[in-house]
Amino acid sequence: MSTPEFQQLAHDIKLWASELGFDQVGITDTDLSLEEPRLQAWLDAGHHGSMDYMARHGMMRARPHELLPGTLRVVSVRRNYLPFEAGFAATLRDPTLGYISRYALGRDYHKVLRNRLKQLGDRIEQRCRELCQVTGEWRPFVDSAPILERPLAAKAGLGWIGKHSLLLNESAGSFFFLGELLISLPLPLDAPVEKEQCGKCVACINICPTGAIVAPYVVDGRRCISYLTIENDGPIPEEFRPLMGNRIYGCDDCQLICPWNRYADVSPEPDFSPRPNLHRPPLLALWRWSESEFLKHTEGSPIRRIGYQRWRRNLAVALGNGPATPDVIAALQLAQDEAEPMVAEHIAWALATLARRQQDDSKKTRLLIRCIEKGLPDHA
Ligand code: SF4
């Protein structure tokens, strides 16, 4: 194929990507050598926690051409996911409700995006066949392979990496999914965003409930609520439990505070609309789900991947952080004997935390009554 034909193909790829519902697309090469020292330092510091797969693939993450030999370009795509009624504050402020990261309220994005990337690959293949009978190799990825998708997206011009380590886009914020098509065609490259635009802002670093952004652009996964509630398959360290509030699957705080998300677009994608039973769900209702109900209600949702035991573990922590009402205490007690050891330990923590809160509350009430009886000002 000639240079003008590759230029035309790159143009067509962007058109097809837009027809398939992607909000932006860029093309870059596979050279991430500048990222390798950063990745190595992050792994050496143990910031990946128990995500052994991060270490297992070593530098392959920064070398897409090792993942699919012959790869010359990466077509990087993004798709907005913010639902119309995100209800961030209303859910976070009510400790009787469970907060689920907004990306996980609808259908599993892996499936949605991978299907479309595959369609994009098919169209490219068909065009190549028409032009020269040679199709080349291609493979779609959506968070499914050891690949540094954010640096690739940044190189492809989709945005810059913010201090919270997520990709930020000037006109779309950060509430979007990324996907990649690895391809063996020498397509023309797009230019990266000239410079990052976080400036002096450190809002995400300051707001993180568990102090997981340990330095600009460095997230210690072991402290991150997304890691603790999703990736981590063991107990949640006690020091982080009170800081998690009612977050039961992921956390959006660093994105919520980010000024660039003032410009975040709402997604028209019906697949990303919140499922009714996951949108502002009462914690107690979720706690009462049996395992089969959990599987039924989370079918086709990314939440299903964490399994019932991690789900119960997260809920126990959130219930322990909520109001010490008789029905919450009774529900936790009822489940304690039959729970798996890890969940039982979190239930015990929740019950002890609620008991302490009850004691504190009754102390305050007694003090208040004494103040009223003595006609003193209320300091309770
Ligand atoms: S909150 Fe501020 S520092 Fe953090 S990513 Fe957004 S602009 Fe950058």
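Another aspect to go through is the domain arrangement of the chain. For the chain, the assigned domains read domain 1 (3-82 + 107-183) and domain 2 (282-380). Here the C-alpha centroids of domain 1 and domain 2 sit 41 Å apart. Listed by partner, the interface residues are 4 residues for domain 1 and 4 residues for domain 2. Taken over both partners, the interface formed by domain 1 and domain 2 buries close to 330 Å², and the fraction arising from carbon and sulfur atoms is 50%. Viewed at the interface, domain 2 and domain 1 are joined by 1 salt bridge. Across the pair Asp108 and Arg305 runs a salt bridge, and its minimum N-O distance is 3.3 Å. Joining domain 1 to domain 2, the criterion identifies 3 residue pairs in polar contact (both at pLDDT 80 or more).

Turning our eyes to something else, we now look at the sheet that holds strand 2 (residues 73-80). Read from one edge of the open sheet, 4 strands run 1-2-7-4, paired in antiparallel fashion. The two strands at the open ends of the sheet, each matched to only one other strand, are strand 1 (24-28) and strand 4 (138-141). Pairwise comparison of adjacent strand axes, ignoring direction, gives a mean angle of 20° for this sheet. Bridge count between strand 1 and strand 2: 5 bridges; the pairing is antiparallel. For Ile27, the partnering residue across the bridge sits in strand 2 and is Val75.

Surveying the vicinity of the ligand reveals the residues Gly162, Lys163, His164, Leu168, Cys198, Cys201, Ala203, Cys204, Cys258, Pro259 and Trp260. Here the shell around the ligand is built from residues that sort into 8 nonpolar, 2 polar and 1 charged.

Extensive coverage of strand 2 is indicated by the burial of 8 of its 8 residues. The side-chain alternation of strand 2 yields two buried faces, one formed by Arg73, Val75, Val77 and Arg79 and the other by Val74, Ser76, Arg78 and Asn80. Pairing analysis gives 8 bridges linking strand 2 to strand 7 (residues 176-183), with the strands arranged antiparallel. The residue bridging Val77 from the neighbouring strand is Gly179, located in strand 7.

Our next topic: the packing of aromatic side chains. Scanning the model with the defined rule gives 14 aromatic pairs in all. Pairing Phe294 with Trp311 gives two aromatic rings, centres 5.5 Å apart and planes at 40°, and the pair type is tilted. Here Trp311 lies in helix 13 (residues 307-320) and Phe294 lies in helix 12 (residues 291-297), a separation of 17 residues in the sequence. We note that Phe294, like Trp311, is buried. Chaining the aromatic ring pairs together yields one cluster made of Tyr81, Phe88, Tyr103, Tyr109, Phe175, Phe177, Tyr249 and Phe272. We note Arg312 situated over the ring of Trp287; from NZ or CZ to the ring centre the distance is 3.7 Å.

Attention now goes to the pattern of salt bridges. Under the definition given, this model contains 16 salt bridges. Salt-bridge contacts for Lys155 lead to Asp29; the nearest nitrogen and oxygen are separated by 2.4 Å. With Lys155 in helix 7 (residues 149-155) and Asp29 in the loop between strand 1 and helix 2 (36-44), the pair connects residues that are 126 residues apart, well separated along the chain. Exposure remark for Lys155: the relative accessible area of 25% places this residue in the partly exposed category. Overall, the relative accessible area of 21% leaves Asp29 in the partly exposed class. Residues Arg222 and Asp220 are paired through a salt bridge, measuring 3.0 Å at the closest nitrogen-oxygen approach.

Here is what the cut-offs are and how they apply
- Note that residues are indexed from 1 along each chain, following the sequence as it is written.
- With the structure being a predicted model, the display of local features is reserved for residues of pLDDT at least 70 and the display and counting of side-chain atom pairs for 80 or more, all residues being used for whole-chain, interface and lining totals.
- Water and hydrogen atoms were dropped before computing side-chain values, which therefore reflect all heavy atoms in the structure.
- Here the limits of each domain have been adopted from an automatic or database domain assignment.
- Contact criterion: two residues are considered in contact whenever any of their non-hydrogen atoms come within 4.5 Å of each other.
- In this description, buried area is defined as the sum, over both parts, of the accessible area (probe of 1.4 Å) that is lost when the two are combined.
- Basic side-chain nitrogens of Lys or Arg form a salt bridge, by our definition, when they fall within 4 Å of a carboxyl oxygen of Asp or Glu.
- Throughout this description, a polar contact denotes any pair of N or O atoms lying within 3.5 Å of each other; where both atoms belong to protein, one of them has to be capable of donating a hydrogen while the other can accept it, and for residues adjacent in sequence the pair is counted only when both atoms sit in side chains.
- DSSP calls a pair of strands paired once it identifies at least 2 bridges connecting them.
- The helix count covers DSSP runs of H or I at least four residues long, the strand count covers runs of E at least two residues long, and both are numbered beginning at the N terminus.
- Axis lines are fitted to C-alpha atoms, over the contacting stretch for helices. Their N-to-C directions set the angle, which ranges from 0 to 180 degrees.
- Each residue is tested against the molecule or strand, and it is near if at least one of its non-hydrogen atoms lies within 4 Å.
- Residue polarity is assigned by list, with Asp, Glu, Lys and Arg as charged and Ala, Val, Leu, Ile, Met, Phe, Trp, Tyr, Cys and Pro as nonpolar; anything else, Gly included, falls into the polar class.
- Exposure categories follow from relative accessible area, calculated using a 1.4 Å probe and restricted to protein chains: below 20% of the type maximum is buried, above 50% is exposed, and the middle band is partly exposed.
- Centre distance within 6.5 Å is the pairing criterion for rings of Phe, Tyr and Trp, where only the six-membered ring of Trp is used; planes under 30 degrees apart are then read as stacked, over 60 as edge-to-face, and the remainder as tilted.
- Whether a charge sits over a ring comes down to the Lys NZ or Arg CZ being within 6 Å of the ring centre and within 35 degrees of the ring normal.

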